[in-house]
Amino acid sequence: MKKTVILGALTVAGLSATAAAAGTLDDVKTRGKLNCGVSTGLVGFAAPDANGEWKGFDVAVCRAVAAAVLGDPTAVEFIPTTTKTRFTALASGELDMLARNTTWTFSRDVDLKFTFVGVNYYDGQGFMVPKSLGVSSAKELDGATVCIQTGTTTELNLADFFRANNISYEPVPIETNAEGQQQYLAGACDTYTTDASGLASTRATFETPGDHVLLPEIISKEPLGPLVRHGDDEWADVVRWTMNALMTAEELDVTSANVTEMAANTGNPEVARLLGTEGTLGEMLGLDADWAMRAIAAGGNYGEVFAKNIGEETPIGLARGLNGQWTDGGLIYSPPFR
């Protein structure tokens, strides 16, 4: 088993090095389309609506990058990936970037040869149970059957938690969130565990969400963010600073509604640099001066994207919490545009 794992990692790393050598920024410009890897469907983060149009928090990042690079937020091919296929698809060059609830870990960064461009959602692993189970704590789940996605950080987190609390469980392996939801609702498992945001998203789609409870324990750190291949630094910079532009825009009160007016009338030097009316930041990225303006206009600043897709006024109902701006006591913090 160990030999198989090592060879698998080497294969992904080899594919990644080969694909990165081509220069993704030039490829995207030539193709006129961004190939963005997303989940197979997680409402609020990445899922097609009734008309087949992809929407969500992760989708907004893809559209912002497409707007920055190509001038068109609709110039995106959304490619659904599972927890098993996502890394091979990125490493092989099938994807230009991966924007789907992926945790930044040491081995994924170093061993699999991927570059996480930053964290745009701070999460942690939780548990969901039917209210009828009568459980109020994950520590009461001794002997429970647990639906868990394979190929994720949640597998080891789960094993560690149950071992540390001297309780046992029986895993029910699943490959996609849709399968996990189906198995959980069918009673094939007592509890479903994944990132707490994913559980909130899944519960929101239930016919009777109130019949299900998210337990209080958060058993891990899950910093989520977009990633690209190692060795493709020019492209990594584009994706990284597009994400940072959305965060900085919120901090500086630049919105999708006022971005044009702010560009024309601002007296704030950092706003001017962000929006390209001062300095040469776009040129440094291999883009034009208006790249960040287009990214912000595409779906709004970070706060707008959060509120529209997963915030407290949506069925997902997530509070900002750790994902608030650093000025409000959260962890969302961009390096300065200078």
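Refer to the preceding data block for the structure.
A brief report on the enclosed structure follows. (Residues numbered from 1 in each chain as written. Predicted model: local features only at pLDDT ≥ 70, side-chain atom pairs only at ≥ 80, totals over all residues. Heavy atoms only, no water.)

Considerations on the overall build of the protein chain
Item 1. Counting its secondary structure elements, the protein chain contains 14 helices and 14 strands.
Item 2. Relative to the compact-globule value of 20 Å for 338 residues, the protein chain shows a C-alpha radius of gyration of 20 Å, a close match.
Item 3. Summarising its shape, the C-alpha atoms of the protein chain cover approximately 60 × 45 × 40 Å along the three principal directions.
Item 4. Counting only residues that meet the buried cut, the protein chain has 54% of its 338 residues in that class.
Item 5. Expressed as a percentage of contacts within the protein chain between residues at least 6 apart in sequence, the contacts between residues at least 24 apart total 72%.
Item 6. Summing over all exposed atoms, the protein chain offers an accessible surface of approximately 14800 Å²; the carbon and sulfur share of this is 52%.
Item 7. Across the protein chain, 24 positive and 42 negative side-chain charges occur, with their mean positions spaced 5 Å apart. (Helix = DSSP H or I, 4+ residues; strand = E, 2+ residues; numbered from the N terminus. Rg over C-alpha atoms; globule rule 2.2 N^0.38 Å. Buried < 20%, exposed > 50% of the residue type's maximum accessible area, 1.4 Å probe, protein only. Contact = heavy atoms within 4.5 Å. Areas by Shrake-Rupley, 256 points an atom, 1.4 Å probe, with all protein chains shown as cover. Lys, Arg positive; Asp, Glu negative; His and termini not counted. Charge placed at Lys NZ, Arg CZ, Asp CG, Glu CD.)

Focus on the packing of aromatic side chains
Item 1. Enumeration over the complete set of coordinates arrives at 18 aromatic pairs.
Item 2. Between Phe57 and Phe306 the ring centres are 6.2 Å apart and the planes differ by 90°, which places this aromatic pair in the edge-to-face class. Residue Phe57 is located in helix H3 (residues 57-70), and its partner Phe306 is located in helix H14 (residues 302-309); the two are separated by 249 residues in the primary sequence. Phe306 matches Phe57 in its accessibility class, with the two residues each being buried.
Item 3. Through a chain of ring-to-ring contacts, three or more aromatic side chains come together here, namely Phe45, Phe57, Tyr121, Tyr302 and Phe306.
Item 4. One residue, Arg320, lies across the ring of Phe306, its end atom 5.2 Å from the ring centre. (Phe/Tyr/Trp six-rings, centres within 6.5 Å; stacked < 30°, edge-to-face > 60°. Lys NZ or Arg CZ within 6 Å of the ring centre and 35° of its normal.)

What to know about the side chain of Asp96
Item 1. Its location among the elements puts Asp96 in the loop between helix H4 (86-92) and strand S5 (97-98).
Item 2. Of the polar contacts made by the side chain of Asp96, one reaches the side chain of Arg31; its length is 2.7 Å.
Item 3. In this structure, Asp96 is in contact with Thr24, Val28, Arg31, Lys33, Leu34, Asn35, Leu90, Val228, Arg229 and Trp235, ignoring residues within four places of it in sequence. (Polar contact = N/O pair within 3.5 Å; in protein donor to acceptor, adjacent residues only side chain to side chain.)

Concerning the state of the cysteines
Item 1. Evaluated as defined, the whole model comprises two disulfides.
Item 2. Disulfide pairing places Cys36 opposite Cys62 at an S-S distance of 2.1 Å. Across the disulfide from Cys36 to Cys62, rotation about the S-S bond amounts to roughly -55°, and the bridge is consequently left-handed. Residue Cys36 is found in strand S1 (residues 34-38), and its partner Cys62 is found in helix H3; the two are separated by 26 residues along the sequence. (Disulfide = S-S within 2.5 Å.)

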